[in-house]
Amino acid sequence: MVVQVMMGVKKEMKAIENYVELLEKKIIEQDKKLQSYEKELEKLHEQVKNHNNLRELRIAWANGEIEN
């Protein structure tokens, strides 16, 4: 009977280990996606910044503050 209990415990432990490994893989995958989204967000912020700078330059040029 003790042997059967030990076998049952080993099976449960293996199942738990497999589940933990699965969770670790999912966390790593989500982290990679998050990093990708953060890079994309940085690019968008840069584009907005550049757009605002261009807009300000156009306004300054239109107001005669700068020449071609």
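### Considering the overall build of the protein chain
- The secondary structure content of the protein chain amounts to 1 helix and 0 strands.
- For 68 residues, the compact-globule estimate of 2.2 N^0.38 gives 11 Å, and the C-alpha radius of gyration of the protein chain, at 29 Å, exceeds that figure by more than 25%.
- The dimensions of the protein chain, computed from C-alpha atoms along their principal axes, are 95 × 10 × 10 Å.
- Here the protein chain, with 68 residues, has 1% of them falling under the buried criterion.
- With an accessible surface of roughly 6,900 Å², the protein chain has 59% of that area assigned to carbon and sulfur atoms.
- Looking at charge distribution, the protein chain has the averaged site of its 12 positive side-chain charges lying 9 Å from that of its 13 negative ones.

### Digging into the pattern of salt bridges
- For the structure on display, the rule yields 1 salt bridge.
- In this structure, the salt-bridge partner of Glu29 is Lys33, at a minimum N-O distance of 3.7 Å. Residue Glu29 and its partner Lys33 are located together in helix H1 (residues 2-62), separated by 4 residues, close to a single helical turn.

### Side note on the environment of Gly64
- Counting through the fold element by element, Gly64 comes out in the segment after H1.
- The class for Gly64 is exposed, based on a relative accessible area of 55%.
- With 29 residues separating them along the chain, Gly64 and Gln35 place their C-alpha atoms 43 Å apart.

How each quantity is defined
Residues numbered from 1 in each chain as written. Predicted model: local features only at pLDDT ≥ 70, side-chain atom pairs only at ≥ 80, totals over all residues. Heavy atoms only, no water. Helix = DSSP H or I, 4+ residues; strand = E, 2+ residues; numbered from the N terminus. Rg over C-alpha atoms; globule rule 2.2 N^0.38 Å. Buried < 20%, exposed > 50% of the residue type's maximum accessible area, 1.4 Å probe, protein only. Areas by Shrake-Rupley, 256 points an atom, 1.4 Å probe, with all protein chains shown as cover. Lys, Arg positive; Asp, Glu negative; His and termini not counted. Charge placed at Lys NZ, Arg CZ, Asp CG, Glu CD. Salt bridge = Lys/Arg side-chain N within 4 Å of Asp/Glu carboxyl O.

Everything listed here is a matter of coordinates, which is why it stays silent on function.
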